[in-house]
Amino acid sequence: NAGVMQNPRHLVRRRGQEARLRCSPMKGHSHVYWYRQLPEEGLKFMVYLQKENIIDESGMPKERFSAEFPKEGPSILRIQQVVRGDSAAYFCASSPPTTETQYFGPGTRLLVL
Amino acid sequence: AQSVTQPDIHITVSEGASLELRCNYSYGATPYLFWYVQSPGQGLQLLLKYFSGDTLVQGIKGFEAEFKRSQSSFNLRKPSVHWSDAAEYFCAVAEGTGGFKTIFGAGTRLFVKA
């Protein structure tokens, strides 16, 4: 049973470009969470999604950031018009329904030049 | 609002010595508590978790943690540290309403000296 997959593992973008981060949850997991980790900091919650629904986006910046988890395919975290302050590691976690335990992917490290 | 405090930014212990990493949380109800470990450039691995019941929980790699409601603490311990334990350790608390959004502490980096 494969774990949570994230790609790309590393992503370099110039200021103003778009970044798309993908997360494939573990088999049987219908809940996806996205977290951001700035250098030398802990993880900060961004958004919680179930299939085709955003359940809690209280941690998402109000502009430029969006997330989706379609019926088919991976969850996508999209960052439009990236700025240097978006440089961070972005982690995805997944869980089955009604369980507290989240399984984390290896992360995508975004560098904005 | 919930919060998690890890008072020690970094700790250095000798190989074979005992270890205790501190964690304090702020949460109104009985929390779901976790400890994760992160090696450089890697994702997070779950060490152990507490939801209810016995307040002393055992985890992987010889780690254990004790939930103390009166102190709002969930400290992580290991009786004998190995060099491979050097990593960043995160304490976390999860809400249990409408999903399990998790709040992380800032982390404690563990250094192990020979």
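Before reading further, recall that the structure is shown in the block above.
Residues numbered from 1 in each chain as written. Chains lettered and ligands numbered in written order. Predicted model: local features only at pLDDT ≥ 70, side-chain atom pairs only at ≥ 80, totals over all residues. Heavy atoms only, no water.

Draft legend 1. Region of interest: the pairing of strand S6 (residues 44-50) of chain B. Residue and element names in this part refer to chain B. Sheet topology note: the strand S5 (residues 32-38)/S6 ladder contains six bridges and is antiparallel. Paired with glutamine 38 across the two strands is leucine 44, which belongs to S6. In this structure, the hairpin formed by S5 and S6 is closed by a connection of five residues, where glycine 41 is found at a positive phi of approximately 75°. (Pairing = 2+ DSSP bridges. Helix = DSSP H or I, 4+ residues; strand = E, 2+ residues; numbered from the N terminus.)

Draft legend 2. Region of the structure containing unusual backbone geometry. Residue and element names in this part refer to chain A. Residue proline 8 is bonded to the preceding asparagine 7 through a cis peptide linkage, with omega at -5°. Of note, the phi angle at glutamate 52 is positive, near 65°, even though the residue is not glycine. Assignment of secondary structure puts glutamate 52 in the loop between strand S5 (43-50) and strand S6 (53-56). Owing to a relative accessible area of 56%, glutamate 52 belongs among the exposed residues under this scheme. (Buried < 20%, exposed > 50% of the residue type's maximum accessible area, 1.4 Å probe, protein only.)

Draft legend 3. Representation of the side chain of Ser95(A) within the structure. All names here are of chain A. The topology assignment puts serine 95 in strand S9 (residues 88-95). For serine 95, a relative accessible area of 1% puts it in the buried group. When residues no more than four places from it in sequence are discounted, the contact partners of serine 95 are His29, Ser30, His31, Tyr33, Thr101 and Gln102. (Contact = heavy atoms within 4.5 Å.)

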